[in-house]
Amino acid sequence: MRQKYVVTHKILTTAGFCVNFASTIGLMKVKTLGEFVIERQSDFPFATGELTRLLSDISIAAKIVNREVNKAGLVDILGAQGSENMSGEAQQKLDVYANNQFMSALMAGGEVCGFASEEEDNFISFNGAISKSGKYVVLIDPLDGSSNIDVNVSIGTIFSIYRRLSLSGGATLEDFLQKGTEQAAAGYIIYGSSTMMVYTTGNGVNGFTLDPSIGEFCLSHPDITIPNKGIIYSINEGNYVHFPEGVKRYIKYTQEEDLKTQRPYTSRYIGSLVADFHRNMLKGGVYLYPETAKSPKGKLRLLYECNPLAFIAEQAGGMASNGTKRILDIEPKELHQKTPLYIGSSSMVEKIEEFLERHLELSGK
Ligand code: AHM
Ligand code: MG
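Draft legend 1. Region of the structure containing the sheet that holds strand β8 (residues 195-200). With mixed pairing, the 8 strands of this open sheet are ordered in space as β4-β3-β5-β6-β7-β8-β9-β10. A strand with exactly one partner marks an edge of an open sheet, and here the two such strands are β4 (124-125) and β10 (216-221). Where strand β7 (residues 183-191) meets β8, 6 bridges bridge the pair, whose relative direction is antiparallel. In the strand pairing of β8, Ile189 is matched with Met197. Sitting on the sheet, helix α4 (residues 50-71) touches β3 (112-117), β5 (136-144), β6 (155-163), β7, β8, β9 (205-211) and β10, and the angle it makes with β7 is about 20 degrees.

Here is the structure:
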């Protein structure tokens, strides 16, 4: 059975457009994201279908954002919007577009009572008659890696879904400030050479490739697992002098020659977290964004980027750490909280933790 999957998977990824290919050779029934999500609803006893509808709302908004991303080079939608987000970075027009698209899809859907986004200063409570009784809140980085838009490099969307803690009415801050372990679902969309949606509801990780000819996400990567070891490390080495001593030593370690561990490793850094993470998920590898002098708490946001990817990484058999602690166990204190991130193949993340611990005193901590 496993063997059969491997063959199918290779065919699907090589062919790119799963349904076209399947119908051409008449061999297999392709499963769409919609069918899959409904099928998986029975994993949750007493499920009412709200999470299923919520994932479907996200996938529809993702298709609309995908359409705009693909048009980005053609229409006058490029360039900074002129405003800055909470973290002081220039916003791109497509960031704003994606943010609004996901927000309106979720507001209209009725399953969500509140929305928090990397692009919004505060969370938004949906107070409409249907939405305010929604069971869930969504946190999102609507367009991650957006500085790559102008140069036609892969970008992504990252989302995280929690059950609300408040009992009724609009969402409250405490609904959003939950530990990553409490996530009901998380996922990402990668707008790359093809567009994919990958998600988990805590029962494994599955990936769907968009077939543009029929406008459906089709199951192309069932039951994704991250190889325990990899030979790829992804980090912005331009910041080297500002890294903690343990990270500097780890980078040196990756560059040393050692046949047994297949070193030196390969360095790959796209500068789009979703794209770097996705590659490492499939091939094995580790992504590092440590604290630096410029960003003493790291650059990445716990709630919008690190928690959802950490949930996915763990569900795929990988690990995510801030260097000393599991990402999912960090108690959030504020919406835009940042954290260092080490994520990917388990044995590689463990090795980095070892280096950080060993050289802690040299980092002046
Ligand atoms: P963004 O959410 O503002 O796009 O920032 C997050 C991005 C990640 O996608 C990427 O891995 C990282 O920032 C790159 O940062 P740097 O340019 O400092 O290497
Ligand atoms: Mg981001």
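Draft legend 2. View of the site of ligand 1. The full set close to ligand 1 counts 17 residues, and Gly145, Tyr269, Leu273, Tyr287 and Tyr289 are the nearest of them. Taking Asp144, its side chain carries an N or O atom lying 2.7 Å from an oxygen atom of ligand 1. Here an oxygen atom of ligand 1 sits 2.5 Å away from a polar atom, N or O, in the side chain of Tyr289. Starting from 470 Å² of accessible surface for ligand 1 in isolation, the protein chains cover 84%. Contributing elements (two or more residues each) for the shell around ligand 1: β5 and β13 (286-289). Two domains each provide a minimum of three residues to the shell around ligand 1, namely domain 1 (33-221) and domain 2 (232-363).

Draft legend 3. Quick peek at the packing of α4 against helix α5 (residues 93-109). Direction vectors running N to C along α4 and α5 enclose 155 degrees, while the axes themselves pass 9 Å from each other. With respect to α5, the element α4 is oriented roughly antiparallel. In this structure, α4 meets α5 at a crossing whose hand is right-handed. Across the interface between the two elements, Leu54, Asp57, Ile58, Ala61, Ala62, Ile64, Val65, Arg67, Glu68 and Val69 of α4 pack against Leu94, Tyr97, Ala98, Gln101, Phe102, Ala105, Leu106 and Gly109 of α5. Counted by class, the contact of α4 with α5 contains 13 nonpolar, 2 polar and 3 charged residues.

Draft legend 4. How the structure looks around the nonpolar core. Of all hydrophobic cores here, the largest spans 42 residues; its most connected members are Tyr188 and Met281. The element best represented in this core is helix α9 (residues 302-315), accounting for 9 residues. Two domains share this core, each providing at least three of its residues, namely domain 1 (33-221) and domain 2 (232-363). The residues touching Tyr188, leaving out its near neighbours within four places in the chain, are Thr157, Ile158, Phe159, Met196, Met197, Val198, Val274, Phe277, His278, Met281, Leu309 and Ile312. Counting 38 residues, the second-largest nonpolar core is a separate cluster that includes Ile58, Phe126, Ile161 and Leu219.

Draft legend 5. Region of interest: helix α8 (residues 273-283). For α8, the buried fraction is high: 9 of the 11 residues fall into the buried class. All of the buried residues in α8 are Leu273, Val274, Ala275, Asp276, Phe277, His278, Arg279, Asn280 and Met281. A positive phi of about 90 degrees marks Gly284, the residue just after α8.

Draft legend 6. Quick peek at empty space enclosed by the protein. Going through the model one piece at a time under the given rule, you end up with 1 cavity of 30 Å³ or more. Approximately 40 Å³ is the volume attributed to the largest cavity. Lining the largest cavity are Phe36, Arg40, Tyr199, Thr200, Thr201, Asn203, Gly204 and Asn206. Tallied by class, the residues present in the lining of the largest cavity amount to 2 nonpolar, 5 polar and 1 charged.

Draft legend 7. Structural view of the sheet that holds β13. Within the open sheet, the 5 strands sit side by side as β12-β11-β13-β15-β14. Their pairing is mixed. Here the strands that pair on one side only, and so sit at the sheet edges, are β12 (266-267) and β14 (319-321). Here strand β11 (residues 232-234) pairs with β13 via 2 bridges, running parallel. Within β13, the position partnered with Ser234 by the bridge is Tyr287.

Draft legend 8. The pairing of β8, seen in detail. Within β8, 6 of the 6 residues are buried, which leaves the element mostly enclosed by the surrounding structure. Judged by which residues are buried, β8 turns out to be covered on both faces: Thr195, Met197 and Tyr199 on one side and Met196, Val198 and Thr200 on the other are all buried. Count of turn residues in the β7/β8 antiparallel hairpin: 3 residues. Sheet analysis places β8 next to β9, joined by 5 bridges and oriented antiparallel. Residue pairing in the sheet places Met197 in a bridge with Phe208 of β9. Turn length for the β8-β9 hairpin, with the two strands adjacent in sequence and antiparallel, is 4 residues, and the turn residue Gly202 shows positive phi of about 95 degrees.

Cut-offs and rules
- Residues numbered from 1 in each chain as written.
- Chains lettered and ligands numbered in written order.
- Predicted model: local features only at pLDDT ≥ 70, side-chain atom pairs only at ≥ 80, totals over all residues.
- Heavy atoms only, no water.
- Pairing = 2+ DSSP bridges.
- Helix = DSSP H or I, 4+ residues; strand = E, 2+ residues; numbered from the N terminus.
- Contact = heavy atoms within 4.5 Å.
- Axes fitted to C-alpha atoms, helices over the stretch in contact; angles between N-to-C directions.
- Near = heavy atom within 4 Å.
- Polar contact = N/O pair within 3.5 Å; in protein donor to acceptor, adjacent residues only side chain to side chain.
- Areas by Shrake-Rupley, 256 points an atom, 1.4 Å probe, with all protein chains shown as cover.
- Domains from an automatic or database assignment.
- Parallel < 35°, antiparallel > 145°, perpendicular 65-115°, else oblique.
- Left-handed = near helix turned anticlockwise from the far one by under 90°.
- Nonpolar A, V, L, I, M, F, W, Y, C, P; charged D, E, K, R; others polar.
- Core = buried A, V, L, I, M, F, W, Y, C linked by side-chain atoms within 4.5 Å.
- Buried < 20%, exposed > 50% of the residue type's maximum accessible area, 1.4 Å probe, protein only.
- 1 Å grid on protein atoms, 1.4 Å probe; cavity = no way out; pocket = protein on both sides within 12 Å on 5 of 7 lines; lining within 4 Å.
- Points joined across faces, edges and corners; volume = space filled by probe spheres on them.

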